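Spelled out from the first residue to the last, the chains are:
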Amino acid sequence: NAGVTQTPKFRVLKTGQSMTLLCAQDMNHEYMYWYRQDPGMGLRLIHYSVGEGTTAKGEVPDGYNVSRLKKQNFLLGLESAAPSQTSVYFCASSYWGTPRDTQYFGPGTRLTVL
Amino acid sequence: GNSVTQMEGPVTLSEEAFLTINCTYTATGYPSLFWYVQYPGEGLQLLLKATKADDKGSNKGFEATYRKETTSFHLEKGSVQVSDSAVYFCALNQETSGSRLTFGEGTQLTVNP
């Protein structure tokens, strides 16, 4: 049982390049989330999904797109990377998505945009 | 909107010292409250949680009590170890937040032998 996995672990992009971050979970969770972590700011929600084929905007969605084609996978895309998107990105998942439910986090992807 | 405020860090303690990390929140209604821990180079792990007022969450010697009257969820441990060195995040979740965890800024804890 691997839990939540993320690929890649590190990536360096040039301004304007595109990339996709992959999140996979093997816990049969319905809800999946993408957060970004910036120094001194905690984590902020980018987008989330309440089930296969669904996506919704979080607190800081601009410049990102997401897709949930399969229940176990949640992809985060950057179409034209900007230095402001330099951050650590965490994927999480939960079974019910209720406020009492625990969210399980992946190990993170460290992205640098030059 | 919802917000979480943690005591400013970093916090440096000697092994076996008593730990308190303060956390207060602003939210309407009755949120669930969480403490997550992030060890160096790793993702976040749930440390403990409380889902209603006066509940006490506990795990690995850490405790926190949900105090609605003071809107607080302070983290405590009676005797810290070097292995407790990590970043600790307080967070809340409630129905009106769209399944979103709202995090505090995190508190870096370093425990010296």
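Here the structure is a predicted model, which means the values were calculated and not measured. (Residues numbered from 1 in each chain as written. Chains lettered and ligands numbered in written order. Predicted model: local features only at pLDDT ≥ 70, side-chain atom pairs only at ≥ 80, totals over all residues. Heavy atoms only, no water.)

Participant: So, the overall build of chain A: which residues are in play, and what are the values?
Facilitator: The helix and strand inventory of chain A stands at zero helices and eleven strands. From first element to last, N terminus to C terminus, chain A shows the α and β order β-β-β-β-β-β-β-β-β-β-β. Scaling as 2.2 N^0.38, a compact globule of 114 residues should have a C-alpha radius of gyration of about 13 Å, and chain A matches this with 13 Å. Overall, the C-alpha framework of chain A stretches about 40 × 30 × 25 Å when taken along its three principal axes. Split into buried and exposed, the 114 residues of chain A put 50% on the buried side. (Helix = DSSP H or I, 4+ residues; strand = E, 2+ residues; numbered from the N terminus. Rg over C-alpha atoms; globule rule 2.2 N^0.38 Å. Buried < 20%, exposed > 50% of the residue type's maximum accessible area, 1.4 Å probe, protein only.)

Participant: I'd like to hear about unusual backbone geometry, residue by residue, with values.
Facilitator: Here Thr-7 of chain A and Pro-8 of chain A are connected by a cis peptide whose omega angle stands at -5 degrees. At Glu-16 of chain B, a residue that is not glycine, the phi angle is positive and equals roughly 75 degrees. For Glu-16 of chain B, the position within the fold is in the loop between strand E2 (11–14) and strand E3 (19–21). On the basis of relative accessibility, which here comes to 61%, the residue Glu-16 of chain B falls in the exposed class. The backbone phi angle of Lys-60 of chain B is positive, close to 55 degrees, even though this residue is not glycine. Tracing the backbone through its elements, the reader meets Lys-60 of chain B in the loop between strand E7 (56–59) and strand E8 (62–65). Using a relative accessible area of 54% as the deciding quantity, one classes Lys-60 of chain B as exposed.

Participant: Before we move on, could you go through the environment of Gly-42 of chain A and cite the residues and values that matter?
Facilitator: Residue position: Gly-42 of chain A is located in the loop between strand E4 (31–37) and strand E5 (43–49). With 36 residues separating them along the chain, Gly-42 of chain A and Leu-78 of chain A place their C-alpha atoms 21 Å apart. In this structure Gly-42 of chain A touches Arg-36 and Gln-37 of chain A together with Phe-89, Phe-103, Gly-104 and Glu-105 of chain B, once residues within four positions along its chain are discounted. (Contact = heavy atoms within 4.5 Å.)

Participant: Quick one: what's the story with the state of the cysteines, residue by residue and with numbers?
Facilitator: Going through the model one piece at a time under the given rule, you end up with two disulfides over all chains. What pairs with Cys-23 of chain A in a disulfide is Cys-91 of chain A, and their sulfur atoms sit 1.9 Å apart. One quick way to see it: the torsion about the S-S bond of Cys-23 of chain A and Cys-91 of chain A is about -75 degrees, and its sign makes the bridge left-handed. With Cys-23 of chain A in strand E3 (residues 19–25) and Cys-91 of chain A in strand E9 (residues 87–94), this residue pair connects regions lying 68 residues apart in the sequence. With respect to burial, Cys-23 of chain A and Cys-91 of chain A carry one shared label: buried. Each sulfur of the disulfide joining Cys-23 of chain B and Cys-90 of chain B lies 2.0 Å from the other. Judged by the torsion about the S-S bond (-70 degrees), the Cys-23 of chain B/Cys-90 of chain B disulfide is left-handed. Linking Cys-23 of chain B in strand E4 (residues 23–26) with Cys-90 of chain B in strand E10 (residues 86–93), this pair joins segments that are 67 residues apart in sequence. For Cys-23 of chain B, a relative accessible area of 1% translates into the label buried. (Disulfide = S-S within 2.5 Å.)

Participant: So what's going on with the interface of chain B and chain A? Residues and values would help.
Facilitator: The partner chain A presents 22 residues to the 21 residues of chain B that form the contact. For the pair chain B and chain A, the summed buried surface comes to about 1,700 Å²; carbon and sulfur atoms form 54% of the total. Counting the surface chain B buries against chain A, the share from its top three residues, Leu-44, Ser-99 and Arg-100 of chain B, is 28%. In this assembly, chain B and chain A are joined by zero salt bridges. Summed over the shared surface of chain B and chain A, the result is five residue pairs in polar contact (both at pLDDT 80 or more). Among the elements of the structure, strand E5 (32–38), strand E6 (44–50) and E10 of chain B are those that each provide at least two residues to the side of chain B that touches chain A. (Buried area = accessible area lost by both parts, 1.4 Å probe. Salt bridge = Lys/Arg side-chain N within 4 Å of Asp/Glu carboxyl O. Polar contact = N/O pair within 3.5 Å; in protein donor to acceptor, adjacent residues only side chain to side chain.)

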